[in-house]
Amino acid sequence: MDADEPSPAADPAATDDLPPTVAEAVVDAMLDRGVETVFGIPGKQTLPLNRALADRDARFVVARHETAVSHQAWGYAETSEPGEMAATCVVPGPGDTNAMNGLKNALNDCVPLLHLAVETERSVRGGDGIHETPPETYDTVVKENVLVDSPAGAVPAVVEAIRTAREHPQGPVRVGIPKDVLAGRTPQPAVGERDPSLPPAPPAEAVAETADLLDAAEAPVILAGGGVRRSAASDALRSVAEGLDAPVVTTYKGKGTLPESHPLSAGVLCGGASAELRDLLADADVGLVVGSDLDAVATASWSVSMPETLVHVTLDGDDVGFGYETDLGVVADADRFLRALDDHTDDGRAASRDRSGAERAEAVRAADRERFEALSEDRAPDDPLPSVEVLSAVRDAVPEEAVVTADAGGFRLWTLVSFPASGPRSYVNPGSWATMGTGLPSAIGAKLANPDRDVVALTGDGGLMMCVHELHTLASEGIDVTVVALNNDDYAIISEEAERSYEFPEGAYGWAETGLDLVAVASGMGLPAERVRECDAVGDAVERARSRDGPALVEVVTDPAEPQASEWMTGARPGE
């Protein structure tokens with residue numbers, strides 16, 4: 001213990017005369033800056049912080065595995081107003097490394113969160129103490145990684161971490177604080193407030209040039225990415241799209257930035273994007289890419305053809321020209337760029353075009369519907385359900401204003417292309433990190449951020465089994481989330497590729513002989529659950545689950561042999 005740290009009093013009442021612990025000061029700093037919810041798993045190292053969180057009435061959600069806590073905080077921020085965020089708290093070593101998966105997911109998606117890692121005590125650091133891990137281990141999975149060395153530096157480090165996480169491009173920040181520092185009573189310095197700096201505004205000449213290109217275009221198109229979500233640019237995106245009468249395609253992370261009921265919404269560029277959507281991009285004469293890095297996942301390793309003339313707006317200049325030749329690159333905030341562009345475009349130009357943007361978008365959606373319908377044409381009544389039928393029934397049963405979180409896996413591609421999202425904070429799925437096991441944890445975070453909204457987690461059996469422990473978190477914390485699990489007893493997206501390209505037998509990575517009973521699993525963890533096999537029963541089952549005062553699970557048996565979206569949607573149209 002440092003000389004300037006008073007010894008803890010034996011009499012608890014005497015602590016009223018002592019300065020707060022460092023842990024208490026850290027929690028006060030978090031609460032003062034709007035970080036009121038913490039996801040974590042307690043350990044002996046974290047107890048000083050847990051004591052402070054309990055004494056300050058902060059919400060501490062006890063997860064069942066550290067992999068989930070960072071996904072929970074990710075879901076919280078994804079469905080909140082821009083800049084709102086949660087924190088995570090884990091023990092060093094195993095806890096920290098387990099949480100790395102979600103930290104990397106948040107980093108790729110530019111999602112803010114504060115990750116508090118309780119470090120090995122200073123007196124044993126370097127001596128291979130329990131759980132000790134070199135702090136630099138985490139440098140590549142967070143926006144910034146800070147280790148507190150001086151006891152007086154804890155609060156300043158946390159305050160700066162919150163600001164850094166919220167500053168664009170946003171992201172997770174890790175602060176490592178040794179247990180002995182948190183337990184001590186070193187007085188903390190007062191920290192002056194410094195707001196996150198504004199993201200860059202676009203140069204006026206670049207906005208004017210973009211407006212001229214788009215106004216002169218015969219077939220413009222907009223590709224909107226996750227930067228539109230992060231900068232709260234949905235209103236500006238809608239206004240620009242309507243003014244230009246341009247179809248809007250989104251990336252994985254842009255899904256919902258223009259509600260997909262809008263007539264200019266043309267779909268999602270992803271591994272399951274249809275040939276018709278890809279043709280829409282390729283046939284456009286001018287394309288505006290805004291808020292996307294045009295990464296390898298969304299563009300199928302840059303094999304998707306882009307418009308003849310391309311304007312690329314992004315916060316990172318290294319993105320410009322990386323995968324595609326760019327006619328005009330602009331480093332600027334999506335919202336500030338779109339609002340400036342909206343003031344420059346000629347709303348009357350669209351009337352002179354041969355084909356409206358709504359007609360072009362509808363042609364893509366109609367072709368997609370034909371592909372969906374063809375999946376069911378030859379299905380016998382007793383055959384397992386295709387994912388698109390299940391997702392359609394769920395969409396009909398879930399209010400438009402509900403928050404829907406989707407896991408990764410084969411069914412996610414069907415969700416991306418066939419499940420309409422109603423708004424930027426109403427739909428959550430991982431981006432280029434594409435980690436499985438996010439659907440349920442992110443729904444937990446989303447519900448705590450939106451207690452008055454319905455929250456539905458869409459997952460497959462593969463993704464759910466990677467976070468199945470969080471069903472118990474739902475039950476123990478009483479978090480009212482409806483889980484819809486599409487169960488085909490297979491890693492079907494892998495089995496399909498193994499069979500098609502590597503001559504494996506059908507269902508090589510499935511469990512046909514040892515089927516998974518998710519109803520039994522959920523019931524054993526305290527959740528009401530039911531299984532359905534008929535499409536007509538899906539909506540009613542989801543409605544019953546939603547109407548419960550608390551969490552519930554609906555298991556839907558689906559077809560492991562159904563075509564994968566990446567093959568069905570990209571090939572020739574049915575009947576051709």
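Caption draft 1: Just the overall build of the protein, in detail. What the protein contains, in helices and strands, is 21 helices and 18 strands. The C-alpha radius of gyration of the protein comes to 25 Å, within 12% of the 25 Å expected for a compact globule of 576 residues. With the principal axes as the frame, the protein shows a C-alpha extent of 80 × 65 × 45 Å. Per-residue burial over the protein gives 57% buried out of 576 residues. Within the protein, residue pairs in contact and separated by at least 24 positions form 76% of the contacts whose partners lie at least 6 positions apart.

Caption draft 2: Up close: the packing of helix α3 (residues 66-78) against helix α15 (residues 439-449). Two numbers describe how α3 lies on α15: the axes approach to 6 Å, and their chain directions differ by 45°. Between α3 and α15, the angle falls in the class oblique. Crossing geometry of α3 relative to α15 is assigned as right-handed. Taking contact as the criterion, the partners of A68, H71, Q72, W74, G75 and Y76 in α3 are, on α15, P441, S442, I444, G445, A446, L448 and A449. Partitioning the contact of α3 with α15 into residue classes produces eight nonpolar, five polar and no charged.

Caption draft 3: View of empty space enclosed by the protein. Using the criterion set out here, one finds one cavity of 30 Å³ or more in the structure. Considered as a void within the structure, the largest cavity measures approximately 60 Å³ in volume. Split by residue class, the lining of the largest cavity holds two nonpolar, one polar and four charged.

Caption draft 4: Geometry of the side chain of T79. Its location among the elements puts T79 in the loop between α3 and β3 (87-90). Other than its neighbours up to four places away in sequence, T79 contacts V403, R425, V428, A446, A449 and N450.

Caption draft 5: View of a nonpolar patch on the surface. Together, I493, I494, Y502, F504 and Y509 line one region of the surface with nonpolar side chains, adding up to about 480 Å² of accessible area. In this structure, Y509 sits in the loop between α18 (492-502) and α19 (518-524). Classification of Y509 by relative accessible area gives partly exposed; the value is 37%.

Caption draft 6: Quick look at the sheet that holds strand β1 (residues 37-40). The six strands are arranged β2-β1-β3-β4-β6-β5 in an open sheet whose pairing can be described as parallel. Each having just a single partner strand, β2 (59-62) and β5 (144-147) make up the two edges of the open sheet. Strand-to-strand twist of the sheet, defined as the mean angle between neighbouring strand axes without regard to direction, takes the value 20°. Sheet analysis places strand β4 (residues 113-119) next to strand β6 (residues 172-178), joined by seven bridges and oriented parallel. Each bridged residue has a counterpart across the sheet, and for H115 the counterpart in β6 is R174. Lying over the sheet, helix α5 (residues 154-166) contacts β4, β5 and β6, oriented at roughly 170° with respect to β6.

Caption draft 7: Representation of a negative patch on the surface within the structure. The grouping of E205, E209, D212, E308, E325 and D327 at the surface amounts to a negative patch. Given the relative accessible area of 59%, E205 is considered exposed.

Caption draft 8: Spatial organisation of helix α17 (residues 470-477). Considered for burial, the residues of α17 that qualify are E470, L471, T473 and L474. Across the axial projection of α17, the buried residues extend over an arc of 160°, all falling on one side. After α17 finishes, the residue G478 shows a positive phi value of roughly 65°.

Caption draft 9: Highlighting the pairing of strand β15 (residues 455-460). The buried count for β15 comes to six of six residues, which makes it a mostly enclosed element. Side chains V455, A457 and T459 project from β15 onto one buried face, and the interleaved V456, L458 and G460 project onto a second face that is buried too. Bridge count between strand β13 (residues 403-406) and β15: four bridges; the pairing is parallel. Following the sheet pairing, V404 is matched in β15 by V456. Bridge count between β15 and strand β16 (residues 482-487): five bridges; the pairing is parallel. Bridge assignment links G460 to a residue of β16, and that residue is L486.

Caption draft 10: Quick look at the pattern of salt bridges. A complete count under the given rule lists 29 salt bridges for this structure. Where K253 meets E78, a salt bridge forms, and the shortest distance between an N and an O atom there is 2.4 Å. On the criterion of sequence distance, the pair formed by K253 in the loop between β8 (248-250) and β9 (265-268) and E78 in helix α3 is long-range, its members being 175 residues apart. Note that R546 is salt-bridged to D454, the shortest N-O span being 3.1 Å. Residue R546 is located in helix α20 (residues 535-547), and its partner D454 is located in the loop between α15 and β15; the two are separated by 92 residues in the primary sequence. When salt bridges with common partners are traced through the structure, they connect E78, D109, R229, R230 and K253 into a single cluster.

Caption draft 11: Inspection of the nonpolar core at higher detail. F39, L440, L471, L474, V481 and V483 are the most contacted members of the largest nonpolar core, which totals 42 residues. Broken down by secondary-structure element, the contributors of at least two residues to this core are α3, α4 (94-109), α15, β15, α17, β16 and α19. V390, F419, V484 and V542 belong to the second-largest nonpolar core, a separate cluster that totals 39 residues.

Caption draft 12: Summary view of the confidence of the model for the protein. For the protein, per-residue confidence averages 93 on the pLDDT scale, and 96% of positions sit at 70 or higher. Here residues 1-10 is a poorly scored stretch, pLDDT under 50, and it has 19 contacts once near neighbours within four places are set aside; other chains count.

Rules and cut-offs
- Residues numbered from 1 in each chain as written.
- Predicted model: local features only at pLDDT ≥ 70, side-chain atom pairs only at ≥ 80, totals over all residues.
- Heavy atoms only, no water.
- Helix = DSSP H or I, 4+ residues; strand = E, 2+ residues; numbered from the N terminus.
- Rg over C-alpha atoms; globule rule 2.2 N^0.38 Å.
- Buried < 20%, exposed > 50% of the residue type's maximum accessible area, 1.4 Å probe, protein only.
- Contact = heavy atoms within 4.5 Å.
- Axes fitted to C-alpha atoms, helices over the stretch in contact; angles between N-to-C directions.
- Parallel < 35°, antiparallel > 145°, perpendicular 65-115°, else oblique.
- Left-handed = near helix turned anticlockwise from the far one by under 90°.
- Nonpolar A, V, L, I, M, F, W, Y, C, P; charged D, E, K, R; others polar.
- 1 Å grid on protein atoms, 1.4 Å probe; cavity = no way out; pocket = protein on both sides within 12 Å on 5 of 7 lines; lining within 4 Å.
- Points joined across faces, edges and corners; volume = space filled by probe spheres on them.
- Patch = residues over 30% accessible without salt bridge, like charges linked within 9 Å, V, L, I, M, F, W, Y side chains within 5 Å.
- Areas by Shrake-Rupley, 256 points an atom, 1.4 Å probe, with all protein chains shown as cover.
- Salt bridge = Lys/Arg side-chain N within 4 Å of Asp/Glu carboxyl O.
- Pairing = 2+ DSSP bridges.
- Lys, Arg positive; Asp, Glu negative; His and termini not counted.
- Charge placed at Lys NZ, Arg CZ, Asp CG, Glu CD.
- Arc of directions from axis to C-beta.
- Core = buried A, V, L, I, M, F, W, Y, C linked by side-chain atoms within 4.5 Å.
- pLDDT = per-residue confidence, 0-100.

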